[in-house]
Amino acid sequence: MVLPPAPTVLPPALRVWLGLIAALATLVVVALGVLYAGHSEPGRVDRWVIDPTADSVRPPWRHVALATDFLGEPVGAAMLVVAAVTGCLLLRRPRAAVFVVAGVAVTVATATLLKSLVGRTIHGDGNLSYPSGHTAFLTALALVVAMLATGRLGLGRTVGTSLVLAAALVAGAAMGWAQVALGAHYPTDVLGGWCTALAVVPATAWLIDRTADRPVDRMADAGQRPRS
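Computed from a prediction, not measured in an experiment: that's the story for all the values here. (Residues numbered from 1 in each chain as written. Predicted model: local features only at pLDDT ≥ 70, side-chain atom pairs only at ≥ 80, totals over all residues. Heavy atoms only, no water.)

*Asks:* Give a detailed account of the overall build of the protein, specifying residues and quantitative values.
*Replies:* Counting secondary structure elements, the protein contains 8 helices and 2 strands. Listing each helix as α and each strand as β along the protein from the N terminus yields α-α-α-α-α-β-β-α-α-α. Looking at the protein as a whole, 43% of its 228 residues are labelled buried. In the protein, of all internal contacts separated by at least 6 residues, the share reaching a separation of at least 24 is 79%. (Helix = DSSP H or I, 4+ residues; strand = E, 2+ residues; numbered from the N terminus. Buried < 20%, exposed > 50% of the residue type's maximum accessible area, 1.4 Å probe, protein only. Contact = heavy atoms within 4.5 Å.)

Set out below in structure tokens:
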């Protein structure tokens, strides 16, 4: 008896649109990285948005910004990931649990690597800033959860894509605001972190589905072979 394959983590209805979005996001990440490589000052766009080196928030909004920033710190991030993984396991979705960990881990690793490659700094003390790892993390987690919810609820292409993009926008905007308001990143760093998640998460989902389905396909092929 051959068991049916587990539900995919990349909803079939969203594959084309998420693929296009991931491609566009990759172009943005590369373009901004090339534009600001080796820079240590805010660019024209950064200055137009806000002075990113100034602590522009005061209580009570500063407390909100600090609380949001905590979600991207190791302890806060670990709490969110553990909660998401636990939810997947309680729903008996081991592939989804793997996607949560891999989607977030690969996104953060990519952002960290890009920081070293681009070499953009802030405050003049060697703090690498592009892209924003905090923004990339929270956006990635929101994307993962929204994609899993889309697949579980069986949402169509339009509604599913809207849900995924809305989740990414809300999470990225919230963390991005906190990072810029606290003077930790330039606005273009935030955009780069957001696009990093949009580029990496769909690709990670595709790879997980591709890898996980291969044993199932082999078992199915073996089950269809005539016995001698």
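*Asks:* Please provide a residue-by-residue account of the packing of aromatic side chains, values included.
*Replies:* For the coordinates displayed, the defined rule picks out 1 aromatic pair. Measuring from centroid to centroid gives 6.2 Å for tryptophan 61 and tryptophan 177, while their planes differ by 85°, and the two rings are edge-to-face. Placement of the pair is tryptophan 61 in helix H3 (residues 61–70) and tryptophan 177 in helix H7 (residues 157–181), with a sequence separation of 116 residues. Classification of tryptophan 61 by relative accessible area gives exposed; the value is 55%. We classify tryptophan 177 as partly exposed; its relative accessible area is 34%. Taking NZ or CZ as reference, arginine 120 lies 4.0 Å from the ring centre of tyrosine 36, over its face. (Phe/Tyr/Trp six-rings, centres within 6.5 Å; stacked < 30°, edge-to-face > 60°. Lys NZ or Arg CZ within 6 Å of the ring centre and 35° of its normal.)

*Asks:* So what about the nonpolar core? Which residues, and what values?
*Replies:* Counting 44 residues, the largest nonpolar core has Phe99, Val100, Met147 and Leu148 as its most contacted members. Where this core is concerned, the elements lending two or more residues are helix H1 (15–36), helix H4 (74–90), helix H5 (94–118), helix H6 (133–153), H7 and helix H8 (187–224). Setting aside residues up to four positions removed in sequence, methionine 147 forms contacts with Val9, Leu10, Pro11, Leu18, Phe99, Val164, Val201 and Ala205. (Core = buried A, V, L, I, M, F, W, Y, C linked by side-chain atoms within 4.5 Å.)

*Asks:* If you had to explain the packing of H5 against H6 to someone new, which residues and values would you point to?
*Replies:* Contact geometry of H5 with H6 gives a least axis separation of 9 Å together with a crossing angle of 155°. Taken together, the axis directions place H5 and H6 in an arrangement best described as roughly antiparallel. In terms of crossing hand, the pair formed by H5 and H6 is right-handed. Mapping the contact onto sequence places Ala96, Phe99, Val100, Gly103, Val104, Thr107, Val108, Ala111 and Lys115 in H5 and Gly133, Ala136, Phe137, Ala140, Leu141, Val144, Met147 and Leu148 in H6. When the residues that make up the contact of H5 with H6 are grouped by side-chain class, the tally is 13 nonpolar, 3 polar and 1 charged. (Axes fitted to C-alpha atoms, helices over the stretch in contact; angles between N-to-C directions. Parallel < 35°, antiparallel > 145°, perpendicular 65-115°, else oblique. Left-handed = near helix turned anticlockwise from the far one by under 90°. Nonpolar A, V, L, I, M, F, W, Y, C, P; charged D, E, K, R; others polar.)

*Asks:* Any chance you could break down the side chain of threonine 135 for me, citing the residues and the numbers?
*Replies:* Note on placement: threonine 135 falls in helix H6. Threonine 135 has contacts with Gly172, Met175, Gly176, Gln179, Val190, Gly193 and Trp194, leaving out every residue within four places of it along the chain.

*Asks:* Report on the pattern of salt bridges, specifying residues and quantitative values.
*Replies:* Following the criterion strictly, the structure yields 3 salt bridges and no others. Here arginine 120 makes a salt bridge to aspartate 46, at a shortest N to O gap of 2.7 Å. Residue arginine 120 is located in the loop between H5 and strand E1 (121–122), and its partner aspartate 46 is located in helix H2 (residues 44–49); the two are separated by 74 residues in the primary sequence. Like aspartate 46, arginine 120 is buried. For arginine 95, the salt bridge goes to aspartate 209, with nearest N and O atoms at 2.9 Å. Placement of arginine 95 in helix H5 and of aspartate 209 in helix H8 is noted, with a sequence separation of 114 residues between them. Aspartate 209 carries the same exposure label as arginine 95, and that label is buried. (Salt bridge = Lys/Arg side-chain N within 4 Å of Asp/Glu carboxyl O.)

*Asks:* Report on H4, specifying residues and quantitative values.
*Replies:* Between its first and last C-alpha atoms H4 spans 24 Å; for 17 residues at 1.5 Å apiece the expected length is 24 Å, and the two agree. For H4, the complete set of buried residues consists of Gly76, Ala77, Val81, Ala84, Val85 and Cys88. Down the axis of H4, the buried side of the element spans an arc of 165°, and every buried residue falls inside it. The exposed residues of H4 that point more than 90 degrees off its buried face are Val75, Met79, Val82, Ala83 and Leu90. Elements that come into contact with the buried residues of H4 comprise H3, H5 and H6. (Expected span 1.5 Å × (residues − 1). Arc of directions from axis to C-beta.)

*Asks:* With reference to specific residues and values, describe the environment of alanine 171.
*Replies:* Tracing the chain through its elements places alanine 171 in helix H7. Accessibility expressed as a relative area gives 10% for alanine 171, which makes it buried. Remark: the alpha-carbon pair of alanine 171 and tryptophan 194, spanning 23 residues in sequence, is separated by 9.0 Å. Excluding its chain neighbours within four sequence positions, the residues that come into contact with alanine 171 are Leu138, Thr139 and Ala142.

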